[in-house]
Amino acid sequence: MTFWIKAAQLLLSLSILVVLHEFGHYLTARYFKIRVEKFYLFFNPWFSLFKKKIGDTEWGIGWLPLGGFVKISGMIDESMDKEQMAQPAQPWEFRAKPAWQRLIVMIGGVVVNLIVGVLIYIFVFFSWGEEQIPTAKLTDGLTVHPYLEKYDLHSGDNVLKLNGEKILHYNDINNGLLLRDQRELTVQRPNGDIEIITLPEGIEYELFESGALPAVGLRHKSTVIEHLITVEAIDEAGIKKSDFLKSVNVKLIDDIDFESTDFLSSEKFSVTVLRGEDEITVDLTKKQFEKLLEVSPALKGGLKSKDQIIQIDDRKIEYFDEIVAALYVSTEEDASVSVLRGSDTLTFTVPVSEFGSIGFAPIMRDIVDMEVISTKHYSFGQSIGRGASKGYQTLSDYVSQLKFLFTKKGASSIGGFGAIGNLFPGQWDWRLFWLNTALISIILAFMNILPIPALDGGHVVFLLYEMITGKEAPQKVLEYAQYVGFFLLIGLVLYANGNDLYRWLFGG
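Cut-offs used in this document
Residues numbered from 1 in each chain as written. Predicted model: local features only at pLDDT ≥ 70, side-chain atom pairs only at ≥ 80, totals over all residues. Heavy atoms only, no water. Salt bridge = Lys/Arg side-chain N within 4 Å of Asp/Glu carboxyl O. Helix = DSSP H or I, 4+ residues; strand = E, 2+ residues; numbered from the N terminus. Buried < 20%, exposed > 50% of the residue type's maximum accessible area, 1.4 Å probe, protein only. Axes fitted to C-alpha atoms, helices over the stretch in contact; angles between N-to-C directions. Parallel < 35°, antiparallel > 145°, perpendicular 65-115°, else oblique. Left-handed = near helix turned anticlockwise from the far one by under 90°. Nonpolar A, V, L, I, M, F, W, Y, C, P; charged D, E, K, R; others polar. Pairing = 2+ DSSP bridges. Contact = heavy atoms within 4.5 Å. Expected span 1.5 Å × (residues − 1). Patch = residues over 30% accessible without salt bridge, like charges linked within 9 Å, V, L, I, M, F, W, Y side chains within 5 Å. Areas by Shrake-Rupley, 256 points an atom, 1.4 Å probe, with all protein chains shown as cover. Phe/Tyr/Trp six-rings, centres within 6.5 Å; stacked < 30°, edge-to-face > 60°. Lys NZ or Arg CZ within 6 Å of the ring centre and 35° of its normal.

Asks: Help me understand the pattern of salt bridges in this model?
Replies: Once the charged atoms of two side chains with opposite charge are near each other, the side chains can pair. Evaluation of the coordinates by the stated rule reveals 19 salt bridges. Two residues, K403 and E204, come together in a salt bridge whose shortest N-O distance is 3.6 Å. Residue K403 is found in the loop between helix 10 (380–401) and helix 11 (408–412), and its partner E204 is found in helix 5 (residues 203–210); the two are separated by 199 residues along the sequence. For K403, a relative accessible area of 24% puts it in the partly exposed group. Its relative accessible area of 9% is what places E204 among the buried residues. One salt bridge in this structure joins K300 and E294, with 2.7 Å as the shortest N-O distance. The class for E294 is partly exposed, based on a relative accessible area of 48%. Overlapping salt bridges bring together D152, D157, R189 and E195 as one network.

Asks: What exactly am I supposed to notice about the packing of helix 3 (residues 99–128) against helix 13 (residues 430–449) here?
Replies: Packed helix pairs are specified by the crossing angle of their axes together with the interaxial distance, meaning the distance between the axes. Where helix 3 meets helix 13, the closest approach of the two axes is 8 Å, and the angle between their N-to-C directions is 160 degrees. It follows from the interaxial angle that helix 3 and helix 13 lie roughly antiparallel. Regarding helix 3 and helix 13, the two cross each other, and that crossing is left-handed. The residue inventory of the contact of helix 3 with helix 13, partitioned by class, reads 17 nonpolar, 5 polar and 1 charged.

Asks: Could you clarify how one ought to interpret the sheet that holds strand 18 (residues 315–316) in this entry?
Replies: The strands making up a sheet associate through backbone hydrogen bonding, with each pair oriented either parallel or antiparallel. In space, the 4 strands of this open sheet follow the order 18-17-19-20, with antiparallel pairing throughout. Since the sheet does not close on itself, it has two edges, and those belong to strand 18 and strand 20 (344–351), each with one partner. Sheet topology note: the strand 17 (residues 308–312)/strand 18 ladder contains 2 bridges and is antiparallel. Looking at the pairing, I312 lines up with R315 of strand 18.

Asks: Just checking my understanding: could you explain the side chain of E466 for this structure?
Replies: For E466, the location among the structural elements is in helix 14 (residues 456–469). The buried category is assigned to E466, whose relative accessible area is 12%. When near neighbours in sequence (up to four residues on either side) are disregarded, E466 contacts A99, R102, K471 and E472.

Asks: Please clarify how helix 1 (residues 2–31) should be interpreted in this entry.
Replies: It helps to recall that an α-helix has 3.6 residues per turn; residues three or four apart then point in one direction. Here helix 1 is 30 residues long and its end C-alpha atoms lie 44 Å apart, about the 44 Å a rise of 1.5 Å per residue gives. Residue K33 follows helix 1 closely and has a positive phi angle near 60 degrees.

Asks: Would you take a moment to explain a nonpolar patch on the surface for this structure?
Replies: Together, V111, I115, L119, F123, F126, F380 and I384 give the surface a local cluster of nonpolar side chains, amounting to about 610 Å² of exposed area. Contributing elements (two or more residues each) for the nonpolar patch: helix 3 and helix 10. For the nonpolar patch, the element with the most residues is helix 3, which contributes 5 residues. By the element assignment, V111 lies in helix 3.

Asks: Any chance you could explain the packing of aromatic side chains here in plain terms?
Replies: Ring pairs (aromatic) are described by centroid distance and by the angle formed between their planes. Under the criterion given, the structure shown has 28 aromatic pairs. Seen in terms of ring centroids, W428 and F433 are 5.9 Å apart; in terms of plane orientation they differ by 25 degrees. Their pairing is stacked. Looking at W428, the relative accessible area reads 35%, which means it is partly exposed. Members of the aromatic cluster, connected to one another through ring pairs, are F424, W428, W430, F433 and W434. Across from the ring centre of W92, 4.2 Å away, lies the NZ or CZ of R35, which sits over that ring. The ring of Y319 has R219 lying over it, and the distance from NZ or CZ to the ring centre is 3.7 Å.

In short, the description is geometric, and any link to function would need to be established separately.
Spelled out as structure tokens, the structure:
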């Protein structure tokens, strides 16, 4: 059900934004008396789900949900209507209009997406307000990724200011370090001492490449094990990364004595796992089951659900982030894990995966500083200023993060519809729906203005060339550019969605 809720939100969000984007082209074209032959939500190769001719325009819904389009008379676009372009230009055609009018038509969709993004932010802030978590009010400090211990930053420390600005939400620290080149932190230690720590240039690449994200968060005391899980996939056995282990041979995991003669003499193992909302049973050979133990370190080490982790090696454990930090430094080694089981304190030697994990999911508890979370409400006038500021910051942050695409990890992290869909929550939440829709609208605006043939930005490049030189680009050049741009976009779509598929299949 979670999948379908996310899919429905994604489809509705993209449908709204695609229609509004295309209306940006449609309205500007009609304003300059340019004929629009088709207006479609989704693409319609071979057939349409719905179509109706009203005036000069055919309105319709295609079956391929990869966007939408308007077919403007006298323009080289994805329709590649060479027959029309071979005829003399007519007064109502795109090519018959001055270059400045054609430029306005081409940027109409991008402008609408930017305006829509800002308007959504305005009405979200006016309707729901804005969550604030001022770090100055935290009593237990922040959870800090253990990678930053090398720079003398630790969980329990509190970041009060970033580049001299007070922190109104802890996510501003993550965005500041990763996207805004903010590196000077005013840190309050658990004993109350205040220090200034300046991180080195390039810290954003360090954090990204090392996977130390988010860099900071809120602390919680989720130290009791709820499920034992896998830390890697076993492809040939149908086991995925992060499967929750439930039972073996119809016996609950916690009730099994893995050292018993009867159990060890088995040649086949029927393993039931929880994967999302699904319960899946797979049959494993003895060799495959031994591999399952290797990718389930907590299970192999003897931990059980309801165990409370109280110490790892020489570190006392009170907060979940202390477990993360202790395992981070024990990577690829065995860790001594002490747990409270009932009234007994037991100690186990547990292997630690190369990812700094032993394979468990905790019973989640609320963050310790819940009372610090508040909502700031805005008047409508205040919402306009805050919405415009949020829209600008969203665009700036998105442009900034594109630098990571030129790293090895960044190229492999590109996602398609699956990644976009995961922005939405598993339960319908209108506030989060509109916030994500605003984000996607601004992303679409930026992506569409990129100077890639077949995108609006590609057309803009040729129009600017014409306005500067006084000469139109040859029609053949426009046609070939459209072909090149189309195949580039198809390749990018296949690559991005291929990454989504790979991550889904192999738990990456």
